[in-house]
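The residues making up each chain are set out below.
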Amino acid sequence: YESLSVAELAKKLHREPSEIIKKLFMLGVMATINQELDKDAIELICADYGVEVEEEVRIDKTDLDTYFEQEEIAEGDLEVRPPAVTIMGHVDHGKTTLLDSIRHTKVTAGEAGGITQHIGAYQVNIDGKKITFLDTPGHAAFTTMRARGASITDLAIIVVAADDGVMPQTVEAINHAKAAEVPIIVAVNKMDKPTANPDRVMQELTEHGLVPEDWGGDTIFVPISALKGEGIDTLLEMILLVAEVQELKANPNRPAIGTVIEAQLDKGRGSVATLLVQDGTLRVGDPIVVGHAYGRVRAMVNDLGRRVKEAGPATPVEITGINEVPQAGDRFVVFEDEKTARQVGESRSMTAIQASRSEKQRVTLDNLFEQM
Ligand code: GTP
Ligand code: MG
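For every chain, the first residue of its written sequence is number 1, and the numbers climb from 1 along that sequence. Here the convention is simple: chains get letters from A, ligands get numbers from 1, in the order in which they are written. Only residues with pLDDT of at least 70 get local features here, since the model is predicted, and only at 80 or more are side-chain atom pairs given and counted; chain-wide, interface and lining totals rely on the full set of residues. Hydrogens and water are ignored here; the side-chain numbers use all heavy atoms of the structure.

In the nomenclature of an unreviewed UniProt entry, the protein is known as Translation initiation factor IF-2 of Ureibacillus yapensis.

Asker: Requested: an account of the packing of aromatic side chains, with residues and values cited.
Answerer: Pairs of aromatic rings are described using the distance from one ring centre to the other and the angle between the two planes. Pairing of aromatic side chains here covers Phe, Tyr and the six-membered ring of Trp, requires ring centres within 6.5 Å, and sorts the geometry by plane angle: under 30 degrees stacked, over 60 edge-to-face, intermediate tilted. Throughout the structure, instances matching the rule amount to one aromatic pair. Seen in terms of ring centroids, Tyr 122 and Phe 133 are 5.8 Å apart; in terms of plane orientation they differ by 35 degrees. Their pairing is tilted. One end of the pair, Tyr 122, is in strand β5 (residues 121-126); the other, Phe 133, is in strand β6 (residues 129-134), with 11 residues separating them in the sequence. Take Tyr 122 and Phe 133: they sit in the same class, and that class is buried. Placement of a charge over a ring requires the Lys NZ or Arg CZ to be within 6 Å of the ring centre, with the centre-to-atom vector within 35 degrees of the ring normal. Lys 23 extends its terminal NZ or CZ atom over the ring of Tyr 49, reaching a point 5.2 Å from the ring centre. Helix and strand assignments follow DSSP, with helices taken as H or I runs no shorter than four residues and strands as E runs no shorter than two, numbered in order from the N terminus. Burial classes follow relative accessibility: with a 1.4 Å probe on protein chains only, a residue under 20% of its type's maximum area counts as buried, one over 50% as exposed, and anything between as partly exposed.

Asker: Tell me about the confidence of the model for the protein, and name the residues and values.
Answerer: Scored from 0 to 100, pLDDT reflects the predictor's confidence in each residue. Per-residue confidence for the protein gives a mean pLDDT of 84, with 82% of residues at or over 70. Taken as a whole, residues 108-117 scores under 50 in pLDDT and shows 14 contacts with residues more than four places along the chain or in a different chain. Note on contacts: a residue pair is in contact if any heavy atoms of the two residues lie within 4.5 Å. For residues 362-369, every residue scores under 50 in pLDDT, and the model assigns this stretch zero contacts once sequence neighbours within four places are set aside. Taken over the whole predicted complex, pTM reads 0.76, whereas the ipTM for its chain interfaces reads 0.99.

Asker: Help me get a handle on unusual backbone geometry, residues and values and all.
Answerer: Look at Asp 92: it is not a glycine, yet its phi comes out positive at around 70 degrees. Here Asp 92 lies in the loop between β4 (84-89) and α5 (95-106). For Glu 247, which is not a glycine, the phi torsion comes out positive at approximately 50 degrees. Relative to the helices and strands, Glu 247 is located in the loop between α9 (232-246) and β10 (249-250). Overall, Glu 247 belongs to the exposed group, its relative accessible area being 59%.

Asker: Give a detailed account of the pattern of salt bridges, specifying residues and quantitative values.
Answerer: Whenever Lys or Arg places a side-chain nitrogen within 4 Å of a carboxyl oxygen from Asp or Glu, that contact is recorded as a salt bridge. Inspection of the entire model under this criterion finds 11 salt bridges. We note a salt bridge from Asp 163 to Lys 193, for which the minimum N-O separation is 3.0 Å. Of this pair, Asp 163 sits in the loop between β7 (155-161) and α7 (168-179) while Lys 193 sits in the loop between β8 (184-189) and α8 (198-206); the two residues are 30 residues apart in sequence, bridging distant segments of the chain. Owing to a relative accessible area of 24%, Asp 163 belongs among the partly exposed residues under this scheme. Put simply, Arg 269 and Asp 266 hold a salt bridge, and the shortest N to O gap is 3.9 Å. Under the relative-accessibility criterion, Asp 266 is labelled partly exposed at 26%.

This is the structure:
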């Protein structure tokens, strides 16, 4: 309890308030019957009666974050999961080319049929080990998602063009990654260019606290050419190496939770959301709350454009079946039954409506003041 009055505490302890007041007096605290006692005082009195104070935890079932923090997981239920990797860097330094290059070298031609369908994240498989890449604009993934308290990235790749060096957005990317406390791997790109100067890149990054291993630091630098597909395998190896050290685990045997990567309204299919499953397994038919939207997972499509029935930890999937379009960075939670999902969903969208109303009112008032 954060605070209780003397009378309330007396009632809980089945004592007379006067007795509590007397005890407080002995402890040097002058109190009246309606006086609010703080946590320390309550604990002191309880200890005197040999009663342990139990913390009352109030769970707001409509706050999706509680579902992320709630569950205590038995170690045995945990399995290794793929890392979720974001690629960041300055404009034109080669982020998109790198993502394409990874995808094309690692997604075999046979699978490539569905590639034209773009979803905001994809997974590659390297000798049985998976890596999930978040194909959102790097900074957006960190800023909007972090602002919403959703951390979805396990690792950041900072791309720096070797012919251009460290630029403002490179520094910004480093700061985002540092703030999110995720490990950084530097990909020194455009090594095929005659003007490439990787030493300069390393020198400049050292000034921002990223010291290469060769120079006694602990940052991994990988020289690559995204355009020519050179160094990509080494980069992927390094990602797996760092992920292994992180010991990323999840419990596939629980209802899924995760984050929205992107979402939009589709004429034929209704609300479509790309989700990153962060824990648990998402299945077709699952009752789900996504941000302020809710419903049942009607259909799921993977990053190759194929329909799937389930998606485990660190898997990106596109779903339909929810009643509204959520926002990138919104969290989603699967519920045991549809009734609970609907209740939570409805109460969340009510809160959202109220919030937007009061915001509108405030705006109107501001406008009024401006006009005066
Ligand atoms: P933004 O999304 O605008 O921030 O850029 P980006 O970082 O995604 O860069 P993008 O991949 O679009 O590449 C920008 C230009 O650099 C394109 O013309 C690419 O072809 C070129 N480029 C990318 N990687 C390499 C490389 O390894 N070598 C060479 N020579 N050119 C490259
Ligand atoms: Mg790009």
